[in-house]
Amino acid sequence: MDQHLKKDSLELLTKECEHYRLKRLGFLRDIRKEAELLASRFPPKEDETFAQWKSRCLREYYRYKGFSAFCRDNIDNPDFETLVRTLINTYIQKAFESSPRTETDRFLAPDLDTVSYAMPPSLFQELYTIYFSAMPSFGNTSELDRFCGSIAGERFPVDEARIIGSLQENDNFYWEKFYTKLRPITDAFCYQMSGITGANNTHDIWSDTCISVNRAVVEHRLKEPVDSKAIISYSVGILKNKNKELARSKARTPVDVDTLQYRLTAEDDEKYFNNPITKPENFPSQIPSLSTYIDYSDKESVQGYFVVILYNKEHPLHDTLVKGYEDKIGRMFEHYIDGMSYEEIVARHYGITDGKKLTKECARLRQETKRLKNNLLERFYKMLEQYR
């Protein structure tokens, strides 16, 4: 027997076995013997290309081995169900990666995740019953694969009303995804509204919000018809109320330090501006929409993110905001963050320490700083529109 043919047959069946779990299913046991069988019974024809031979020999091999009857006999086999679920999920994932983000995902799913193209166990069992109860005939693995692909195409993305219904029925699969989405949103609102940072410090607010939203949806407290936007809006409302109450509580508590402190020590600087919620991978602009996270009608919310982007060099929008102004921003920080006077800044950078020239340079630096702040804010608002 041609050694190249034996090698090609072995590689072909090995890939089939790996992709469709044929050994685990019990369809074949010894791949080498099966490869020799395939090569001897279904060799290439003279006028066939490799691709044509591959397609034909597999069709004839699976027909010879009784693949169709094997599938019917294994409809209740958990391993066969697992194979079907894996094949469907493969097509769902491809569809998710190549499709625009659904409105449902925008409001209910974590970044880079999905509820519209997700198949929880309950949904799979429903689909398996519908499509496989009267087992269709599969002559080979390619036909089974295409059938699973057609299921994915027909049933996904999942209708928003179905997902809302599952949330109302307290389906943990969808709730866990939504709770995960709320985590960075909670951190962002706590940071903006009450100055709280760190997962440990925001955990209680996040947990209480999750419980409140769950009860409201499961107990049908929201005005019908309920949609994904209504759920996220209700959640954001709870977060705002909790942070406002926290802020009022803080205001009633006597403190020994100024409420407005612009200077930060070198040690605090890193902790304050490089906290987890401002890291690029956690920042909402990665979506890249900000409208869910920033209340555009709330001046404090907008200003809060301006500070985050300006001070945090790791922020994904930092370079866009400061481009062309780096040196001027450095001098502005020396004044506002390091507490240097304009006279000290002029002396450091220009070597001027007294006289009319010092006064003139200080006046120029004040005007430069004023224009810089206006220019940065103008650029920031344009960025907000871009990522809205």
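Since the model is a prediction, treat every value here as computed from it, not as a measurement.

### Some details on the overall build of the protein
Regarding its fold elements, the protein presents 19 helices and zero strands. Counting over 388 residues, the protein shows a buried share of 43%. Summed over all atoms, the accessible surface of the protein reaches about 21900 Å², with 49% contributed by carbon and sulfur.

### Topic: the pattern of salt bridges
For the coordinates displayed, the defined rule picks out 14 salt bridges. Note that R221 is salt-bridged to E219, the shortest N-O span being 2.5 Å. Overall, the relative accessible area of 45% leaves E219 in the partly exposed class. For E368, the salt bridge is made with R364, and the minimal N-O distance between the two is 3.1 Å. One end of the pair, E368, and the other, R364, are both in helix α19 (residues 355-386), four residues apart, so they sit about a helical turn from each other. Taking relative accessible area as the criterion, E368 reaches 8% and is therefore assigned buried.

### Notes on the confidence of the model for the protein
When pLDDT is averaged along the protein, the result is 83, and 84% of the positions lie at 70 or above. Confidence drops under a pLDDT of 50 for residues 254-290, and excluding neighbours within four residues, the segment shows 64 contacts in the predicted structure.

### Details of unusual backbone geometry
Cis rather than trans, the peptide bond between F156 and P157 has omega equal to 5°. Positionally, P157 belongs in the loop between α9 (141-155) and α10 (160-168). The residue after E224, namely P225, is reached through a cis peptide bond having omega -5°. Positive phi values are uncommon outside glycine, yet L112 reaches one of about 65°. With respect to the helices and strands, L112 occurs in the loop between α7 (103-108) and α8 (121-132). Classification of L112 by relative accessible area gives exposed; the value is 80%. Within the chain, N170 stands out as a residue other than glycine whose phi angle is a positive 65°.

### A short note on the packing of helix α1 (residues 3-20) against helix α3 (residues 31-41)
Axis separation between α1 and α3 bottoms out at 8 Å; the angle between their running directions is 125°. It follows that α1 is oblique to α3 by the angle criterion. The interaxial crossing formed by α1 with α3 has right-handed handedness. Touching L5, K6, S9, L10, L13, T14 and C17 of α1 are I31, R32, E34, A35, E36, L38 and A39, all from α3.

### Observations regarding the side chain of S116
Within the secondary structure, S116 sits in the loop between α7 and α8. For S116, the side chain forms a polar contact with the side chain of T102, separated by 2.7 Å. Dropping the residues within four chain positions of it, S116 is found in contact with T102, T104, D105, F156, P157, V158 and I163.

### Here we look at the packing of aromatic side chains
Overall, the coordinates contain 19 aromatic pairs when judged by the stated rule. Arranged with centres 5.7 Å apart and planes meeting at 50°, the rings of F50 and W53 form a pair that is tilted. On the criterion of helical spacing, the pair formed by F50 and W53 is a turn pair, its members being three residues apart in helix α4 (residues 50-65). Between F132 and F138, the aromatic rings sit 6.1 Å apart at their centres with planes inclined by 45°, giving tilted as the arrangement.

### Some details on the nonpolar core
If you look at the biggest cluster of nonpolar residues, it comprises 75 residues, and the most contacted ones within it are F80, I88, F132, L144 and I231. Ranked by residue count, the leading element in this core is helix α11 (residues 172-194), at eight residues. Beyond its immediate chain neighbours, meaning those up to four positions away, L144 contacts F67, F80, L83, L87, F132 and F138.

### Some thoughts on the packing of helix α17 (residues 326-336) against α19
Packing of α17 against α19 leaves a shortest axis separation of 10 Å and a crossing angle of 110°. Between α17 and α19, the angle is such that the two are roughly perpendicular. Taken together, the residues of α19 that come into contact with α17 (itself represented by K328, I329, R331, M332 and Y336) are L365, E368, T369, L372, K373 and L376. Looking at the contact of α17 with α19 residue by residue, the class counts come to six nonpolar, one polar and four charged.

### Some points on α19
Compared with the 46 Å implied by 1.5 Å per residue over 32 residues, the 47 Å span of α19 between its first and last C-alpha is a close match. Those residues of α19 that sit buried are L358, E361, C362, L365, E368, T369, L372, L376, F380, M383 and L384.

### Quick notes on the environment of P225
As for its placement among the helices and strands, P225 is situated in the loop between α12 (199-218) and α13 (228-251). For the pair P225 and A161, spaced 64 residues apart in sequence, the C-alpha separation works out to 9.4 Å.

### Notes on the environment of P78
Positionally, P78 belongs in helix α6 (residues 78-98). Residue class for P78 comes out exposed when judged on its relative accessible area of 55%. The spatial distance from the C-alpha of P78 to the C-alpha of L25 is 9.3 Å, given a sequence separation of 53 residues.

### Digging into α4
The terminal C-alpha atoms of α4 lie 22 Å apart, and with 16 residues this matches the ideal 22 Å at 1.5 Å per residue to within 8%. Those residues of α4 that fall on the buried side of the exposure criterion are W53, R56, C57, L58, Y61 and Y62. On its buried face, α4 sits against α1, α2 (22-25), α3, α5 (67-73) and α9. Count one or two residues on from α4 and you reach G66, which has phi positive near 75°.

Here is what the cut-offs are and how they apply
- Residues numbered from 1 in each chain as written.
- Predicted model: local features only at pLDDT ≥ 70, side-chain atom pairs only at ≥ 80, totals over all residues.
- Heavy atoms only, no water.
- Helix = DSSP H or I, 4+ residues; strand = E, 2+ residues; numbered from the N terminus.
- Buried < 20%, exposed > 50% of the residue type's maximum accessible area, 1.4 Å probe, protein only.
- Areas by Shrake-Rupley, 256 points an atom, 1.4 Å probe, with all protein chains shown as cover.
- Salt bridge = Lys/Arg side-chain N within 4 Å of Asp/Glu carboxyl O.
- pLDDT = per-residue confidence, 0-100.
- Contact = heavy atoms within 4.5 Å.
- Axes fitted to C-alpha atoms, helices over the stretch in contact; angles between N-to-C directions.
- Parallel < 35°, antiparallel > 145°, perpendicular 65-115°, else oblique.
- Left-handed = near helix turned anticlockwise from the far one by under 90°.
- Polar contact = N/O pair within 3.5 Å; in protein donor to acceptor, adjacent residues only side chain to side chain.
- Phe/Tyr/Trp six-rings, centres within 6.5 Å; stacked < 30°, edge-to-face > 60°.
- Core = buried A, V, L, I, M, F, W, Y, C linked by side-chain atoms within 4.5 Å.
- Nonpolar A, V, L, I, M, F, W, Y, C, P; charged D, E, K, R; others polar.
- Expected span 1.5 Å × (residues − 1).

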